[in-house]
Amino acid sequence: MRKISYRVRPETAVLTRGFDPKLSVGSARPPVYRSSTFVFPSPEAAERAFGIVLGKIRPLGDDRPDLIYARLNHPNAEILEQQLVPLERGANSAAVFNSGMAAIFTVILAFLERGGSLIYTQPLYGGSQHLIHQIIEPLGFDARGVPAGNTKALTEAIEQANNLSLVLIETPANPTLVMTDIAQAAAAVRRKPKRPLLAIDNTLLGPTFQHPLIHGADLAIYSATKFLGGFSDLLAGAVLATDPELIETLTGVRALLGNILQADECWILDSRLSTVALRMNRQS
Ligand SMILES: Cc1ncc(COP(=O)(O)O)c(C=O)c1O
């Protein structure tokens, strides 16, 4: 029989990705897996799962490791992460967090190298600004603010910075709505001999109206509490990347910080993804 390949739009792909009803008695919607711990089919499977988590074994292709413990990973987070991917053009991988702040903090902590510096656009959402001043700078990292929307100042700051690990841009900025040119910043980081990462807080325009990864950003960060959640009834955060290894690094740090999004919140949030484009277009 001729094999038909179905190509669906991203807004439709969120309905079908990440969940196989066969694994859950045919239910059309995923169940909520409220389990902190997972059972291995054999001691060998346990050895292999821990080997993968500890980076001693690399999984082959689509071969998925057995789940271990919900702080590391759990089915509802996996489902939500796979459903988020088609919404962010250029993304191949996602990680979910228990707030937007948790997502931003984990990105900064994971990618600021020892002795490394951070450049950020100003203003940032107040919480992000406080995070930099009250936690990141006292830890000894150099953090420099550059006015949002000023491509020349941002390019010069990137060119002149020593040991630059990360550039964090919030565009449009909360609360001024000033926009910063993502592609120009992406070009500037690529001219550095040791390339820093470019992270965009895409909360205000994404995932419907702005796609930072196709403009050269490495990470798109969300307070999913806003448009993704849509009803002011949950807190969540997400990070998406083209390079799955960046997400693997983040989920490794997430496992240690314990800030993965819990199963119930994942379930609620994935039920909202199918309408995010409709809601954002209507709201705009
Ligand atoms: C642009 C932006 N980024 C991040 C955050 C923080 O997100 P959360 O409240 O989900 O921690 C907010 C919250 O208002 C925000 O507006």
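Residues numbered from 1 in each chain as written. Predicted model: local features only at pLDDT ≥ 70, side-chain atom pairs only at ≥ 80, totals over all residues. Heavy atoms only, no water.

Colleague: Teacher, can you tell me more about the domain arrangement of the chain here?
Modeller: Think of interface size as the accessible area that goes away when the parts come together; that is how it is often given. Each domain of the chain was delimited in the assignment, giving domain 1 (35–69) and domain 2 (73–283). Taken over C-alpha atoms, the centre of domain 1 sits 28 Å from the centre of domain 2. The interface of domain 1 with domain 2 comprises five residues on the first partner and seven residues on the second. Between domain 1 and domain 2, a total of about 460 Å² is buried, with carbon and sulfur atoms accounting for 41% of that surface. Together, Arg58, Arg64 and Leu67 form the three largest contributors to the area buried by domain 1 at its contact with domain 2, with a combined 70%. Across the domain 1-domain 2 interface, the total number found is zero salt bridges. The tally of links from domain 1 across to domain 2 stands at one residue pair in polar contact (both at pLDDT 80 or more). Of the residues assigned to the side of domain 1 that touches domain 2, the class counts are three nonpolar, no polar and two charged. (Domains from an automatic or database assignment. Contact = heavy atoms within 4.5 Å. Buried area = accessible area lost by both parts, 1.4 Å probe. Salt bridge = Lys/Arg side-chain N within 4 Å of Asp/Glu carboxyl O. Polar contact = N/O pair within 3.5 Å; in protein donor to acceptor, adjacent residues only side chain to side chain. Nonpolar A, V, L, I, M, F, W, Y, C, P; charged D, E, K, R; others polar.)

Colleague: Where do I start with the sheet that holds strand S2 (residues 117–122) in this structure?
Modeller: Think of a sheet as strands paired side by side through backbone hydrogen bonds, with each pair either parallel or antiparallel. On the basis of which strands lie adjacent, the open sheet formed by seven strands has the order S1-S7-S6-S5-S4-S2-S3 and mixed pairing. Both outer strands of the open sheet, strand S1 (93–97) and strand S3 (142–147), are each paired with one neighbouring strand and no more. Each strand axis lies, on average, 20° off the axis of its neighbour in the sheet, ignoring direction. The sheet contact formed by S2 and S3 spans six bridges and is parallel. Looking at S3, one finds that serine 117 is bridged to aspartate 142. The strands that helix H3 (residues 75–84) touches are S1 and strand S7 (237–241); relative to S1, the one it contacts most, it runs at about 130°. Relative to the sheet, helix H4 (residues 100–111) contacts S1, S2, strand S4 (164–170), strand S5 (197–201), strand S6 (219–223) and S7, its axis offset from that of S6 by approximately 150°. (Pairing = 2+ DSSP bridges. Helix = DSSP H or I, 4+ residues; strand = E, 2+ residues; numbered from the N terminus. Axes fitted to C-alpha atoms, helices over the stretch in contact; angles between N-to-C directions.)

Colleague: Mind showing me how you'd approach the environment of asparagine 174 here?
Modeller: For asparagine 174, the position within the fold is in the loop between S4 and helix H7 (182–191). Assessed through its relative accessible area of 30%, asparagine 174 is described here as partly exposed. Note: C-alpha distance between asparagine 174 and glycine 126 (48 residues apart in sequence) is 8.1 Å. In contact with asparagine 174, other than residues within four places in its own chain, are Pro123, Leu124, Tyr125 and Leu204. (Buried < 20%, exposed > 50% of the residue type's maximum accessible area, 1.4 Å probe, protein only.)

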